[in-house]
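Below are the chains, spelled out letter by letter.
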Amino acid sequence: MSTTIASLTAASGPLAAGTAAPDFRLPSTPDQLVSLSEFLGRPVILVFYPSDWSPVCGDQTTLYNELLPEFHRFQAEMLGISVDGAWCHLAFAHDRKLKFPLLADFEPKGSVARAYGVYRSREGVSERALFVIDSAGIIRWSYVSPIGINPGADGILSALEALSPVGETKE
Amino acid sequence: MKSAGPSLTLPVSDRDHILGPANAEITLVEYGDFECPHCGRAYPVVEELRELLGNRMRFVYRHFPLTEAHEHAEMAAEAAEAAGEQNRFWEMHRALFTHQDSLDRTHLARYALSIGLDTARFAHAISERAFAKRIREDFMSGVRSGVNGTPTFFINGLRYDGPAELRFMADAIEQVLGARVS
């Protein structure tokens, strides 16, 4: 398993299971900021995707929107992240009626994607990557999908199940 | 945890809506949404495949309504099940896919009448949401099988990732059969 430091400096792949999830603070709307550390105490699903509006992202966010009740059964919060700006996210979320926050990894561009090892420097966007972080802030599962392929939700649900049995409430 | 080659986790069984013989060489499963335009375009493709393959293929339809995106998708799926309860699932399936822009309750009642359903029984099933649980089962079985949008097809249990077009789907099926179908 790669070490945290190696993964961070080389950015040669997604941070692996067992790594502490790097904290961040990003705009969720033009006038609101969200930190990962706010969610300590419950699982977080980080969904990195290349950009708002592209057809595959559309399907992916639509699917996750539909599955929010399933994720909430695990007390898990879902956060979408791309390099798009907060106003773009706002328009996209409104158009797709999304019920989970989209965070703007916009300035400095892609810095959170880099920290997680999922930035594509050549295109200037993040990979299509998923991270499931446990209630203590440790990455328990990560996955990078081929950029044109919607990774679905199966892996996320399996990772959440591995964290705790369904119905177990965590304080 | 699997990362490639998603496959069907809920085997085809008596609970399913199936067209074609149980011993068919090919089982094509679709996870679909009656309001999804891509599924609407895939409908005639599936019909053509059924015609081309005859008894060599059976077709299974499962529900994957994206209700946050399509406001009528859930009720349309329930209407298909309510028709299924009266042995008219496929007639309703056709009515829905050929009238995707008219899926409100009034139109559903009209389709129920036109395919010869007991309309009182149909209306009761819709009001009671008698089939909501079954549709959720279909949906979650799709999620756990790697369905990532609609339509998603499985050919003999393996997810098909190509375009929902006749040429590509026929090619994929031919590969499984090891023979030309057209």
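Report follows, based on the coordinates. (Residues numbered from 1 in each chain as written. Chains lettered and ligands numbered in written order. Predicted model: local features only at pLDDT ≥ 70, side-chain atom pairs only at ≥ 80, totals over all residues.)

### What to know about the overall build of chain B
Consideration 1: When helices and strands are tallied, chain B shows seven helices and five strands.
Consideration 2: Taken from N to C terminus, the helices and strands of chain B fall in the order β-β-α-β-α-α-α-α-α-β-β-α.
Consideration 3: Against the 2.2 N^0.38 benchmark of 16 Å for 182 residues, chain B shows a C-alpha radius of gyration of 16 Å, consistent with a compact globule.
Consideration 4: Here the C-alpha coordinates of chain B stretch approximately 50 × 35 × 30 Å along the principal axes.
Consideration 5: Across chain B, every contact between residues at least 6 apart in sequence was considered, and the portion connecting residues at least 24 apart equals 74%. (Helix = DSSP H or I, 4+ residues; strand = E, 2+ residues; numbered from the N terminus. Rg over C-alpha atoms; globule rule 2.2 N^0.38 Å. Contact = placed C-beta atoms within 7 Å.)

### Remarks on the sheet that holds strand β2 (residues 26-32) of chain B
Residues and elements named next belong to chain B.
Consideration 1: Read from one edge to the other, the open sheet built from five strands follows the order β1-β3-β2-β4-β5, with strand pairing classed as mixed. Two strands bound the open sheet, and with one partner strand each, they are β1 (17-19) and β5 (158-160). Within this sheet the neighbouring strands show an average axis-to-axis angle of 25 degrees, counted without direction.
Consideration 2: Bridge count between β1 and strand β3 (residues 57-63): three bridges; the pairing is antiparallel. Each residue of the ladder has a partner; that of I18, found in β3, is V60.
Consideration 3: Contacting β2, β3 and β4 (152-155), helix α6 (residues 132-144) crosses the sheet at an angle of about 110 degrees to β3. (Pairing = 2+ DSSP bridges. Axes fitted to C-alpha atoms, helices over the stretch in contact; angles between N-to-C directions.)

### Some thoughts on the sheet that holds strand β4 (residues 77-82) of chain A
Residue and element names in this part refer to chain A.
Consideration 1: Here we have five strands laid out as an open sheet, ordered β5-β4-β3-β8-β9, and mixed in their pairing. Looking at which strands have only one partner, the edges of the open sheet turn out to be β5 (102-104) and β9 (139-145). Each neighbouring strand pair of the sheet contributes to a mean axis angle of 20 degrees, computed without reference to strand direction.
Consideration 2: Across the sheet, helix α5 (residues 154-163) is in contact with β3 (44-48), β8 (128-133) and β9; its angle to β9 comes to roughly 170 degrees.

### A short note on the environment of V47 of chain A
Consideration 1: By the element assignment, V47 of chain A lies in strand β3.
Consideration 2: For V47 of chain A, the residues in contact, after removing those within four places along its chain, are Y64, M78, L79, G80, I81 and L130 of chain A.

### Focus: the pairing of β2 of chain B
Residues and elements named next belong to chain B.
Consideration 1: Where burial is concerned, most of β2 is hidden: six out of the seven residues are buried.
Consideration 2: Examined bridge by bridge, β2 and β3 share seven bridges and lie parallel to one another. The residue bridging E30 from the neighbouring strand is Y61, located in β3.
Consideration 3: Viewed along the sheet, the connection from β2 through helix α1 (residues 37-53) into β3 turns out right-handed.
Consideration 4: Here four bridges tie β2 to β4, and the two strands are oriented antiparallel to one another. Bridge assignment links E30 to a residue of β4, and that residue is F153. (Buried ≥ 20, exposed ≤ 12 C-beta atoms within 10 Å, placed from the backbone. Right-handed = clockwise from strand over helix to strand, strands pointing away.)

### A word on the packing of helix α2 (residues 73-85) of chain B against helix α3 (residues 89-97) of chain B
All names here are of chain B.
Consideration 1: The N-to-C vectors of α2 and α3 enclose an angle of 150 degrees; their axes lie 7 Å apart at closest approach. Classed by the angle they form, the pair α2 and α3 counts as roughly antiparallel. From α2, A76, A79, A80, A83 and G84 reach across to α3, where they touch F89, E91, M92, H93 and L96.
Consideration 2: In the contact of α2 with α3, the residues fall into seven nonpolar, two polar and one charged. (Parallel < 35°, antiparallel > 145°, perpendicular 65-115°, else oblique. Nonpolar A, V, L, I, M, F, W, Y, C, P; charged D, E, K, R; others polar.)

### Brief notes about the packing of α2 of chain B against helix α4 (residues 105-114) of chain B
Residues and elements named next belong to chain B.
Consideration 1: Contact pair α2 / α4: the axes reach a minimum separation of 11 Å and the direction vectors enclose 20 degrees. It follows that α2 is roughly parallel to α4 by the angle criterion. For α2 against α4, the interelement crossing comes out right-handed. Facing α2, whose interface residues are M75, A76, A79 and A83, α4 presents R105, L108 and A112.
Consideration 2: Residue classes in the contact of α2 with α4 are distributed as six nonpolar, no polar and one charged. (Left-handed = near helix turned anticlockwise from the far one by under 90°.)

### Some details on unusual backbone geometry
Consideration 1: Residues E107 of chain A and P108 of chain A are joined by a peptide bond in cis, for which omega reads -5 degrees.
Consideration 2: Here T150 of chain B and P151 of chain B are connected by a cis peptide whose omega angle stands at -5 degrees.
Consideration 3: Tracing the chain through its elements places P151 of chain B in the loop between α6 and β4.
Consideration 4: Residues other than glycine seldom take positive phi values, yet K97 of chain A does so here, at roughly 55 degrees.
Consideration 5: Looking at the secondary structure, you find K97 of chain A in the loop between α3 (86-96) and β5.
Consideration 6: When the 12 C-beta atoms within 10 Å are taken as the criterion, K97 of chain A is described as exposed.
Consideration 7: Despite not being glycine, N156 of chain B shows a phi value in the positive range, around 45 degrees.

### Notes on the pairing of β9 of chain A
Residues and elements named next belong to chain A.
Consideration 1: By the bridge criterion, six bridges tie β8 to β9 in an arrangement that is antiparallel. Looking at the pairing, F131 lines up with S142 of β9.
Consideration 2: Hairpin geometry of β8 and β9 is characterised by an intervening segment of five residues between the two adjacent antiparallel strands and by a positive phi of about 85 degrees at G137.

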